[in-house]
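This is what each chain is made of:
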Amino acid sequence: MAERPADKTATGKTIAGFSKLSKRGKIKWIVENFFKDPENVMHELMSYWHHNEDQQKILDNFSENAISNYPLPYSVAPNFLINGRTYCVPMVTEESSVVAAASAGAKFWMERGGIHAMVSGTTKLGQIHFKWNGPLDFIEQHLPEIRQQMLDDAADILKNMQARGGGVGDMTLRTPGGLPHCAQLLIAFETCDSMGANFINSCLESFSASLERYITHSEGLSDDHREFERIMAILSNYTPDCLVRAWVECPIKALGNFGGGMTAEDFAEKFHAAVQIAQADPYRAVTHNKGIFNGIDAVVLATANDFRAVEACGHAYAARNGRYASLSTCDLRDGLFRFALEVPLALGTVGGLTALHPMARRSLELLGNPGARELMMIAASTGLAQNFSAIRSLITTGIQYGHMKMHLRNILLRLQATETERDLAQSHFADRKVSFRAVQDFLQQIRSATNER
Ligand code: MEV
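So, here is what we can say about the structure in this document.

### With respect to the overall build of the protein chain
Scanning the protein chain for helices and strands turns up 15 helices and 10 strands. When burial is assessed residue by residue, the protein chain has 43% of its 453 residues classed as buried. Considering only intrachain contacts with a sequence separation of at least 6, the fraction spanning at least 24 residues in the protein chain is 70%. Taking the average place of the 45 positive charges on the side chains of the protein chain and the average place of its 49 negative ones, the gap between the two points comes to 7 Å.

### Topic: the sheet that holds strand β9 (residues 328–333)
Taken in spatial order, the 4 strands of this open sheet run β3-β8-β10-β9, and their pairing is antiparallel. Across the chains shown, the open sheet's two edge strands, defined by having one partner strand only, are β3 (116–119) and β9. Neighbour-to-neighbour, the strand axes of this sheet turn through a mean angle of 20°, independent of strand direction. In the packing of helix α12 (residues 372–395) onto the sheet, contacts are made with β3, β8 (243–251), β9 and β10 (336–344), and the angle to β10 comes to roughly 130°.

### Describing the site of the ligand
Looking at the ligand, the residues that line it are Glu95, Arg284, Thr287, His288, Lys290, Gly291, Asn294, Ala390, Leu394 and Ile399. One nitrogen or oxygen atom from the side chain of Glu95 is found 2.5 Å from an oxygen atom belonging to the ligand. With the chains in place, 87% of the 300 Å² that the ligand exposes on its own is no longer accessible. With respect to the detected pockets, the ligand is housed in the second largest pocket. When residues of the shell around the ligand are assigned to their parent elements, the largest contribution, 6 residues, is made by helix α9 (residues 282–302). In terms of residue class, the shell around the ligand is made up of 3 nonpolar, 4 polar and 3 charged.

### A look at the nonpolar core
In this structure, Phe80, Leu255, Phe271, Ile296, Phe337, Phe339 and Leu345 are the most contacted members of the largest nonpolar core, which totals 66 residues. At 11 residues, the largest contribution of residues to this core is made by α12. Residues contacting Ile296, with those up to four places away along its chain left out, are Val310, Leu341, Val343, Leu345, Ala379 and Gly383.

### A look at the layout of surface pockets
Of the voids in this model, the largest pocket is the one considered here, and its volume is about 1400 Å³. Lining of the largest pocket is provided by 45 residues; of these, Phe62, Leu301, Ala304, Leu353 and His357 occupy positions nearest its centre. Every element with two or more residues in the lining of the largest pocket is listed here: α3 (53–62), α6 (155–163), α7 (197–216), α9, α10 (307–318) and α11 (358–366). Here the residues of the lining of the largest pocket sort into 26 nonpolar, 16 polar and 3 charged. If you add up the space inside the second largest pocket, you get close to 570 Å³. Contributing elements (two or more residues each) for the lining of the second largest pocket: α4 (98–110), α9, α12 and α13 (399–414). Taken together, the residues of the lining of the second largest pocket sort by class into 8 nonpolar, 13 polar and 5 charged. Taken domain by domain, the lining of the second largest pocket gets at least three of its residues from each of domain 2 (74–119 + 241–396) and domain 4 (402–452).

What counts, and at which threshold
Residues numbered from 1 in each chain as written. Predicted model: local features only at pLDDT ≥ 70, side-chain atom pairs only at ≥ 80, totals over all residues. Heavy atoms only, no water. Helix = DSSP H or I, 4+ residues; strand = E, 2+ residues; numbered from the N terminus. Buried < 20%, exposed > 50% of the residue type's maximum accessible area, 1.4 Å probe, protein only. Contact = heavy atoms within 4.5 Å. Lys, Arg positive; Asp, Glu negative; His and termini not counted. Charge placed at Lys NZ, Arg CZ, Asp CG, Glu CD. Pairing = 2+ DSSP bridges. Axes fitted to C-alpha atoms, helices over the stretch in contact; angles between N-to-C directions. Near = heavy atom within 4 Å. Polar contact = N/O pair within 3.5 Å; in protein donor to acceptor, adjacent residues only side chain to side chain. Areas by Shrake-Rupley, 256 points an atom, 1.4 Å probe, with all protein chains shown as cover. 1 Å grid on protein atoms, 1.4 Å probe; cavity = no way out; pocket = protein on both sides within 12 Å on 5 of 7 lines; lining within 4 Å. Sits in = over half its atoms within 2 Å of the grid points. Nonpolar A, V, L, I, M, F, W, Y, C, P; charged D, E, K, R; others polar. Core = buried A, V, L, I, M, F, W, Y, C linked by side-chain atoms within 4.5 Å. Points joined across faces, edges and corners; volume = space filled by probe spheres on them. Domains from an automatic or database assignment.

Read these as spatial facts, not as claims about activity.
So, in structure tokens, the structure goes:
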């Protein structure tokens, strides 16, 4: 493809002090410089502003240079039975079949004992990276003293979290990747119901200053070894000990029949094979895990948690054994079908945007105001239900059958079908294959039949 010439296009336009312009000023600059129909675009961008100015201010404060809102559907998936409790799960996603798949998976398992879930840990992690050419066993030996110094120096930051039952856990000295003179302290944190990013980062910045002070003032070190360089202090989004497991199980016979002569046993075997493939082959594993995150991310977004952190961590965990593999497993033994998902999920239900975002607040209310552990179980269960439905479709009808059925609505919208045309199309395509072309032809047919009348 030919490259666009530099500077002669709209993308070559720059501006100083953009962030200082008013919201209307920002929009004006954008529409005048980047769009062919400035008036319409301005109108459109402003049409998404919240009618309540206070609510809009809250949203504007989330991000620099906010000029409008970006609407996504806010959906719910009912019939989640998790550990004997029913939930209607809020999901934010743009992909048409995701909520339908999660709901179908949840309903399937609701009729077979529900989903089980368990949190095995909520430990979060942070790192202090530094350069030092001194003897690392000095730090190792003095770690209890250094730790105490760090905790004393950060007492104000720690106070509230400690009162809530959280705080600082183990500190481990590491030398990653053999980088010359580079070392790190890996520090564990318990942040209770908050995701705790701000708390952890504030602690780490204070801890790294304490560490530097300890080293540079230590009388037990030579002058040369008192030179210490802080590189960075930041939480790690890899939290393999903030782990949740969700699983379903039932006698293979109770899986039921799947049409086309597929028995419960055939289904179980084929399902098992599909998961084995995702265990063995990274090409399949990425798509398989993407399906899991279709469910998890939608809940994470609906509750204003950090979906980028959750994804990055989940994929690193999927590769923890040196090869990227499926996050879910399937087991067929003793006549039982067992399907499980294990995934690290650093989620919070207090702090961050969870209380600020008006819809996130409602999401949590819809879920019965869960704590972080409960939310981890709900999100993992949604990922499991999603994964189950995706594999069920893949090994029975094929994924396009369901996808295109859901997509039919989008196609009809794009082709500007009337309500009557939409109804006719829905029943016409109930047992037919949906494609853009097929829907276009169908509409043309009924439109010309109407014109002839
Ligand atoms: C589509 O968003 C997700 C799937 O591709 C997942 C999968 O293949 O398991 C259907």
